[in-house]
Protein chains: 2
Amino acid sequence: MSIATPYLLFLGDAADPLAAKVAQGVKDWRPENAVGQLRLEGCNADMGLPEMTLAEGREAGAKTLVIGVANRGGVISKAWIEVLLDALAADYDIAAGLHNHLNDIPELVEAAAKHGQALHDVRVPSGDFPIGNGAARPGKRILAVGTDCSCGKMYTTLAMERDMRARGFDADFRATGQTGILITGGGVPLDAVVADFMAGAVEQLTPGADPDHYDLIEGQGSLFHPSFSGVTMALIHGGRPDYLVLCHEPTRTHLRGLPHYPVPSLAELEDLALRTARIVNPDVRVLGCAINTAALPEAQANDYLAKTADQAGLPAVDPFRHGTDALIDALPR
Amino acid sequence: MSIATPYLLFLGDAADPLAAKVAQGVKDWRPENAVGQLRLEGCNADMGLPEMTLAEGREAGAKTLVIGVANRGGVISKAWIEVLLDALAADYDIAAGLHNHLNDIPELVEAAAKHGQALHDVRVPSGDFPIGNGAARPGKRILAVGTDCSCGKMYTTLAMERDMRARGFDADFRATGQTGILITGGGVPLDAVVADFMAGAVEQLTPGADPDHYDLIEGQGSLFHPSFSGVTMALIHGGRPDYLVLCHEPTRTHLRGLPHYPVPSLAELEDLALRTARIVNPDVRVLGCAINTAALPEAQANDYLAKTADQAGLPAVDPFRHGTDALIDALPR
């Protein structure tokens, strides 16, 4: 999936800033992708970008209107539809990660065809995927794996991309979920791919490259999360990582959505992730731990990181508080 | 997915008996599902069932015409279409596991609608699947896992169902692939399910049951096969097995389709399968080994089984040569 950049970010009538997670991600990680923002009356989110009409956005170079917010109650309102129809008429593509698909709304499909524009539903995989073959390929791959879902894997790999590029590495984030795809304009929504093609889709996303190139592969789910462990396994075997980063949220009391499942330890994650990754790459090793300490005060966070580094014998950082330099330092030069 | 039984088996113009794998499976494992066979001129397969016209099949009670053969060159010929249209007019449902789908052939879709009959493409999942929740549920589950794809997992679980029922156990085979679905009339084509719903589909297929009931879950792929390991992982976590049976083909020199991958040992399979299954059920244990010794002469096969049982400290049988009693004996009574 490939979305034309740059974007005009549509914030709609976002109830609160949290609803604008996608727009915030674009602003944080691909500010060059966002020429401005378009808000409707009653919008309580603000990315601090220039306010633009559709016409102003086009003049500023925007090619795609990205819906940067969750829609209230899962319904695409009449007010939204009007904006989207106007955008298609103004030669915008439209991209969204909504539960309801743009391509299921006949008047949008009709208008897109009429104006020759694309409707990207990033929850829906596009293109054909091969069966994975597990073959070695040139270039390096770093995969984030987690003790749980939603514990900082996307943030960690985006931060590593930023920090590696700043240090002169040739490094690309590879999105495997809808938010990452909208932020960066490309990727594969792995959780929506048909089972037989999961590993092949990841191989296609992380193809052979220059020996000094790094793919930073966004992780999904967890080997320990029974709802999604198959997706994680396909990422490990399709991604054929050279390096793993272990992601963890230390205050969580149980797996996300599963109160009857404890969160495994970092040591358990290290053991099982290495065990499964070695099936495709015997030389894989762990770079370090990325800990999401947002819920801890600074002193307690630093204590936790020091203790973790000591116990694991590995670098341990909070990518948000400290960046990822300590992980990058662990790469061979 | 649920297919009305019994069947009339359509053998078409099968090039050779091997092309009739599905029909052979019905004959071997669900003979009560097959009232007869319907063959075209030039058919080189014969199940030894009564030859019947469509009308005779209906008189004998057949509700579904099952396409029991692979079609030559992947094309559904004009001669086949005529038979299928006649079958729909004679109030048969039709079921097939062909690469080309019945539901993609407009004249069949139209005729099925006209006569109120169903077209079952068993490669296409039907129904909605939940997200898996990993919860414990009553009843017992036995899952076949393998060192590779296509090493005898379906055969092993079908043979265990037969042998357990003969000994008075309440046991049901649960099909997770197209051949098993056509043989038994129900199941989930797991390799065609969308990634996020794999584990939930397996949970739905193996729901809570009487404490003394056994589900015999057909395995898919292998934790060690990088193309399909994610599907296997979802089976282990969605199936939440109480018992594992380790399946292996001892003469294979590399993983199916992957010449660069060696076949793991039974000890490696035991270790990783238990490690991953314990995440959902700490009490899971291995019943024994099911070895497909078809490629070995009898004496060598028996030597291999004796050596395997000795090394693993577990029963080791060839389900085809010896049945599965030694595995069933390992269940608590």
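Refer to the structure presented above.
None of the values given here were measured: they were computed from a predicted structure. (Residues numbered from 1 in each chain as written. Chains lettered and ligands numbered in written order. Predicted model: local features only at pLDDT ≥ 70, side-chain atom pairs only at ≥ 80, totals over all residues. Heavy atoms only, no water.)

## Concerning the interface of chain B and chain A
Rules: When checking whether two residues touch, look at their non-hydrogen atoms; a contact exists if any pair is within 4.5 Å. We define buried area as the total accessible area lost by two parts upon association, computed with a 1.4 Å probe and summed across both. Any Lys or Arg side-chain nitrogen found within 4 Å of a carboxyl oxygen on Asp or Glu counts as a salt bridge.
On the chain A side, the residues contacting the 35 residues of chain B number 35 residues. Across the interface of chain B and chain A, roughly 2800 Å² is buried in total on both sides, 60% from carbon and sulfur atoms. On the chain B side of the interface with chain A, the three residues burying the most area are Asp196, Arg275 and Ile279 of chain B, jointly 18% of the side's total. At the junction of chain B with chain A, the criterion picks out 2 salt bridges.

## What to know about helix H9 (residues 266-277) of chain A
Put simply, the rule is: Labels follow the DSSP assignment, with helices taken as runs of H or I lasting at least four residues and strands as runs of E lasting at least two, numbered in each case from the N terminus. For a helix, the expected span equals 1.5 Å multiplied by the number of residues minus one. The rule is simple: take the accessible area with a 1.4 Å probe, protein chains only, and divide by the maximum for that residue type; under 20% is buried, over 50% is exposed, in between is partly exposed.
With 12 residues, H9 of chain A extends 16 Å between its outermost C-alpha atoms, agreeing within 8% with the 16 Å of an ideal straight helix rising 1.5 Å per residue. Regarding H9 of chain A, the residues found buried are Leu266, Leu269, Leu272, Ala273, Leu274, Thr276 and Ala277 of chain A.

## A short note on the sheet that holds strand S2 (residues 34-39) of chain B
All names here are of chain B. Note the threshold: We call two strands paired when DSSP finds no fewer than two bridges between them. In this analysis an axis means a line fitted to C-alpha atoms, helices contributing only their contacting stretch, and an angle means the value between N-to-C directions, from 0 to 180 degrees.
Reading across the sheet, the 5 strands line up as S2-S1-S3-S4-S5 and stay open at both edges, with parallel pairing between neighbours. Edge positions in the sheet fall to S2 and strand S5 (119-121), since each has one partner strand and no second. Each strand axis lies, on average, 20° off the axis of its neighbour in the sheet, ignoring direction. Direction of pairing for strand S1 (residues 7-12) relative to S2: parallel, over a ladder of 5 bridges. Its bridge partner lying in S2, Phe10 is registered against Leu38. Docked against the sheet, helix H1 (residues 21-29) engages S1, S2 and strand S3 (64-67), running at close to 150° with respect to S1. Docked against the sheet, helix H3 (residues 78-89) engages S1, S2, S3, strand S4 (93-96) and S5, running at close to 160° with respect to S3.

## Side note on the nonpolar core
The cut-off we apply is this: Residues enter a nonpolar core if they are buried and are Ala, Val, Leu, Ile, Met, Phe, Trp, Tyr or Cys, with the set joined through side-chain atoms within 4.5 Å.
With 70 residues, the main nonpolar core has Leu244 of chain A together with Leu244 of chain B as its most contacted residues. Contacts of Leu244 of chain A, omitting those with residues within four sequence positions, involve Leu143, Val145, Ala273, Leu274, Ala277, Val284, Arg285, Val286, Leu287 and Gly288 of chain A. Ranked by size, the runner-up nonpolar core spans 53 residues in total, among them Tyr7, Val35, Val69 and Ile183 of chain B.

## Observations concerning the relation of the copies chain B and chain A
To keep things clear, this is the line we draw: Each copy is superposed on the other by least squares, with the fit set by C-alpha atoms of residues at a pLDDT of at least 70 in both.
The transformation that overlays chain B on chain A combines an axial shift of 0.0 Å with a rotation of 180°, and the residual RMSD is 0.0 Å. With respect to symmetry, the two chain copies, as superposed, fit the operation of a two-fold axis. A high fraction, 100%, of the interface residues of chain B reappear at the interface in chain A, so the copies pair face to face through one surface.

## Some remarks on the environment of Ile328 of chain B
Mapped onto the fold, Ile328 of chain B is located in helix H12 (residues 325-328). What Ile328 of chain B contacts, discounting residues up to four positions off in sequence, is Met160, Asp163, Met164, Arg167 and Phe169 of chain B.

## Quick word on the pattern of salt bridges
Residues and elements named next belong to chain B. Tallying each qualifying case throughout the model produces 27 salt bridges over all chains. Its salt-bridge partner being Asp329, residue Arg167 comes within 2.6 Å of it at the nearest N-O pair. You can see Arg167 sitting in the loop between helix H5 (153-166) and strand S7 (170-174) and its partner Asp329 sitting in the segment after H12, a full 162 residues away along the chain. Looking at Asp329, the relative accessible area reads 52%, which means it is exposed. Taking the shortest distance from any N to any O, the salt bridge between Glu298 and Arg321 comes out at 3.3 Å. Note that Glu298 is positioned in helix H10 (residues 298-312) and Arg321 in helix H11 (residues 319-322), a separation of 23 residues in sequence. Glu298 gets classed as partly exposed once you look at its relative accessible area, which sits at 47%. When its relative accessible area of 28% is taken as the criterion, Arg321 is described as partly exposed.

## Brief notes about the side chain of Asp148 of chain B
All names here are of chain B. Note the following rule: Under this definition, polar contacts are N or O atom pairs within 3.5 Å; protein pairs additionally need one hydrogen-donor-capable and one acceptor-capable atom, and for neighbouring residues in sequence, both atoms have to be side-chain atoms.
Along the chain, the position of Asp148 falls in the loop between strand S6 (140-146) and H5. Among the polar contacts listed, one links the side chain of Asp148 to the side chain of Arg252, at a separation of 2.9 Å. In contact with Asp148, other than residues within four places in its own chain, are Lys153, Gly221, Ser222, His225, Arg252, His254, Leu255 and Arg256.

## Notes on the state of the cysteines
Residues and elements named next belong to chain B. Applicable threshold: Put simply, a disulfide is two cysteine sulfurs that come within 2.5 Å.
By the definition in use, this model includes 0 disulfides over all chains. Here Cys149 stays unpaired: no disulfide links it, and the sulfur of Cys151, its closest cysteine neighbor, is 8.1 Å away. Taking the relative accessible area as the measure of exposure, Cys149 reaches 9% and is therefore buried.

## Quick word on the packing of H3 of chain B against helix H4 (residues 106-115) of chain B
Residue and element names in this part refer to chain B. For the record, the criterion: When describing relative orientation, an angle under 35 degrees is termed roughly parallel and one over 145 degrees roughly antiparallel, while 65 to 115 degrees is termed roughly perpendicular and anything else oblique. Note on convention: the crossing is left-handed when the near helix lies turned anticlockwise from the far helix by less than a right angle, right-handed when the turn is clockwise. Following the grouping adopted for this structure description, the nonpolar residues are Ala, Val, Leu, Ile, Met, Phe, Trp, Tyr, Cys and Pro, the charged ones are Asp, Glu, Lys and Arg, and the polar ones are all others, Gly among them.
Two numbers describe how H3 lies on H4: the axes approach to 9 Å, and their chain directions differ by 15°. On the basis of their axis angle, the class for H3 and H4 is roughly parallel. H3 and H4 meet at a crossing whose hand is right-handed. Listed contacts from H4 to Ile81, Leu84, Leu85, Leu88 and Ala89 of H3 are Glu107, Leu108, Ala111, Ala112 and His115. Residue composition of the contact of H3 with H4, by class: 8 nonpolar, 1 polar and 1 charged.

## What to know about the pairing of strand S10 (residues 285-291) of chain A
Residues and elements named next belong to chain A. Here is the rule: Think of it like this: strands point away, you trace from the first strand over the helix to the second, and a clockwise trace means the crossover is right-handed.
The element S10 is extensively covered by neighbouring structure, given that 6 of its 7 residues are classed as buried. Pairing geometry for strand S9 (residues 243-248) and S10, over 6 bridges, is parallel. When the bridges of S10 are listed, His248 appears paired with Ile291. Handedness of the β-α-β unit built from S9, H9 and S10 comes out right-handed. Here S10 runs beside strand S11 (residues 316-317); their pairing, made up of 2 bridges, is parallel. In the strand pairing of S11, Cys289 is matched with Ala316.

## Concerning the sheet that holds strand S1 (residues 7-12) of chain A
All names here are of chain A. Here 5 strands make up an open sheet; going across it, the order is S2-S1-S3-S4-S5 and the pairing parallel. Across the chains shown, the open sheet's two edge strands, defined by having one partner strand only, are strand S2 (34-39) and strand S5 (119-121). Averaged over neighbouring strand pairs, the angle between their axes works out to 20° when direction is ignored. Pairing analysis gives 3 bridges linking strand S4 (residues 93-96) to S5, with the strands arranged parallel. When the bridges of S5 are listed, Ala95 appears paired with His120. Packed on one face of the sheet, helix H3 (residues 78-89) meets S1, S2, strand S3 (64-67), S4 and S5 and runs near 160° to S3.

## Some words on unusual backbone geometry
Following Thr5 of chain A, the chain continues to Pro6 of chain A via a peptide bond in cis, the omega torsion being 0°. Although it is not a glycine, Ser150 of chain B adopts a positive phi angle of roughly 50°. Tracing the sequence through the fold places Ser150 of chain B in the loop between S6 and H5. The class of Ser150 of chain B is partly exposed, set by a relative accessible area of 45%. In this structure, Arg240 of chain B is a non-glycine residue whose phi angle is positive, near 45°. Tracing the backbone through its elements, the reader meets Arg240 of chain B in the loop between helix H8 (229-239) and strand S9 (243-248).

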